[in-house]
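Structural characterization, general
This is what each chain is made of:
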Amino acid sequence: MVTLMSIACGFGSIVISVDNARIGAAQDYRLAAILLVLAGVFDALDGLVARATNTTSEFGMQLDSIADVMNFGCAPGLLLYCYGFVQLGAEQPTLLRLGGIASFFFVACGALRLARFNVNVGRTDPRYFVGMPITAGAACVAAVVVAWPQPPVTALHGGLIVALLFAVGSLMVSTVRFPSSKQKKSPLALVLLVLNLGLLAWLQALYFALFFAVYIVFTLALNLAWQQGWRGIAPPQIFHD
């Protein structure tokens, strides 16, 4: 039921995005993006509920994976397509087609990312994700809609959304290691949590876009530092089997 509630939020986001495509109401696009965040909350809860009630099953795992493709692949891809390109498409048909390609690229990369994750369970260091998690990728593109819910009115703005979809999709299927929540906890984590709560109260809707920009830049810098031999933060353990 918790997983189905997550699917309901993803489906609601799709319906709102489609209904609003020709209207372009900023508050409706923001609502569609918030529903994706709520889908992420239910996605996090279903595993906790299953473990707490001792109802973990292969069926539940498969349902959760299917839900992730819809909620964090199809729903955000369609949201960005409707938000970024439908209204501009009347005057910029080429941008509309390019936006469709970019949106599909995002969805395809999300599906590939999930498939790779499913076959590599137990074969990678749990402290790090291989590639950006699909939930983070969906939240990253949805954060742009939350921060700037008014649909773009220029080809430049539409082009930036195309670049965003291609960039986030590429990060999902990359081998860049993204830190997971299974990192060893330290007093610094509490400081960062308090700092983020303060930034959220100050920046409000803009906070999420800033958070994911810092998250991506920090992760890329960390991977580059590992390649250069820096070991201030322990790199992931590599399993050759």
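Residues numbered from 1 in each chain as written. Predicted model: local features only at pLDDT ≥ 70, side-chain atom pairs only at ≥ 80, totals over all residues. Heavy atoms only, no water.

1. Things to note about the overall build of the protein
To be explicit about the condition: Helix and strand definitions follow DSSP, with helices as H or I runs of at least four residues and strands as E runs of at least two, each counted in order from the N terminus. Radius of gyration here uses only the C-alpha atoms, and the compact-globule reference equals 2.2 Å multiplied by the residue count raised to the power 0.38. The buried label goes to any residue with under 20% of its type's maximum accessible area, the exposed label to any with over 50%, and the partly exposed label to all in between, with areas taken from a 1.4 Å probe on protein chains only. Whether two residues are in contact is decided by their heavy atoms, any of which lying within 4.5 Å being enough. Only the protein chains shown count as covering a residue, and every accessible area follows the Shrake-Rupley method with a 1.4 Å probe. By the counting rule applied here, Lys and Arg register as positive and Asp and Glu as negative, while His and the ends of each chain are not counted. By convention, the charge on Lys lies at NZ, on Arg at CZ, on Asp at CG and on Glu at CD.
Counting its regular elements, the protein contains 8 helices and 2 strands. The order of α-helices and β-strands along the protein, N terminus first, is α-α-α-α-β-α-α-β-α-α. Relative to a compact globule of 241 residues, whose C-alpha radius of gyration would be 18 Å, the protein shows 18 Å and is just as compact. The buried share among the 241 residues of the protein stands at 41%. Relative to all contacts within the protein whose residues are 6 or more apart in sequence, the contacts with residues 24 or more apart total 81%. For the protein, the exposed area adds up to about 13,300 Å²; of that, 71% sits on carbon and sulfur atoms. In the protein, the 13 positive side-chain charges and the 10 negative ones have mean positions that sit 11 Å from each other.

2. Observations regarding helix α6 (residues 155-173)
In plain terms, the rule: Every helix has an expected span of 1.5 Å times one less than the residues it contains.
For α6, which comprises 19 residues, the first-to-last C-alpha distance of 28 Å matches the rise-based estimate of 27 Å (1.5 Å per residue) to within 8%. Packed against the buried residues of α6 are α3 (58-86), α4 (93-119), β1 (128-130), α5 (134-147), β2 (177-179) and α8 (205-227).

3. Considering the environment of Leu210
Checked against the element boundaries, Leu210 lands in helix α8. Here Leu210 falls in the partly exposed class, since its relative accessible area comes to 39%. For the pair Leu210 and Arg116, spaced 94 residues apart in the sequence, the C-alpha separation amounts to 28 Å.

4. Focus: the pattern of salt bridges
Where we set the bar: Take a side-chain nitrogen of Lys or Arg and a carboxyl oxygen of Asp or Glu: if they are within 4 Å of each other, that pair is a salt bridge.
This model, assessed by the stated rule, comprises 1 salt bridge. Between Asp125 and Arg127 there is a salt bridge, with the nearest N and O atoms lying 2.7 Å from each other. We classify Asp125 as buried; its relative accessible area is 7%. Taking relative accessible area as the criterion, Arg127 reaches 26% and is therefore assigned partly exposed.

5. Notes on the UniProt feature "transmembrane region" (unreviewed entry) in the protein
In plain terms, the rule: UniProt positions are given in the numbering used here, feature names are shortened, and annotations may be inferred rather than shown by experiment.
Listed under "transmembrane region" (unreviewed entry) in the UniProt record, and renumbered for this structure, are residues 31-49, 95-115, 127-148, 154-174 and 186-203. Strand forms 0% of residues 31-49 and helix 100%; the C-alpha atoms that close the span are 26 Å apart. The distance separating the terminal C-alpha atoms of residues 186-203 is 26 Å; by composition the span is 94% helix and 0% strand.

6. Quick notes on the packing of aromatic side chains
We count it as follows: The rule is short: rings of Phe, Tyr and Trp, with Trp giving its six-membered ring, pair when the centres are within 6.5 Å, and they are stacked under 30 degrees, edge-to-face over 60, tilted in between.
Enumeration according to the criterion identifies 10 aromatic pairs in this entry. Where Phe211 meets Phe212, the ring centres are 5.2 Å apart and the plane angle is 90 degrees; that geometry is what we call edge-to-face. On the accessibility criterion, Phe211 (34% relative accessible area) is partly exposed. Seen from their ring centres, Phe211 and Tyr215 are 6.2 Å apart, and the 10 degrees between their planes marks the pair as stacked. Residue Phe211 and its partner Tyr215 are both found in helix α8; the two are separated by 4 residues, about one turn of the helix. Every member of this aromatic cluster is reached through a ring pair, and the members are Phe178, Tyr207, Phe208, Phe211, Phe212 and Tyr215.

7. Examining the environment of Asn20
On the secondary structure map, Asn20 appears in helix α1 (residues 2-20). Between the C-alpha atom of Asn20 and that of Tyr83, which follows or precedes it by 63 residues, the distance is 8.4 Å. Ignoring any residue separated from it by four or fewer positions in sequence, one finds Asn20 in contact with Ala25, Asp28 and Tyr29.

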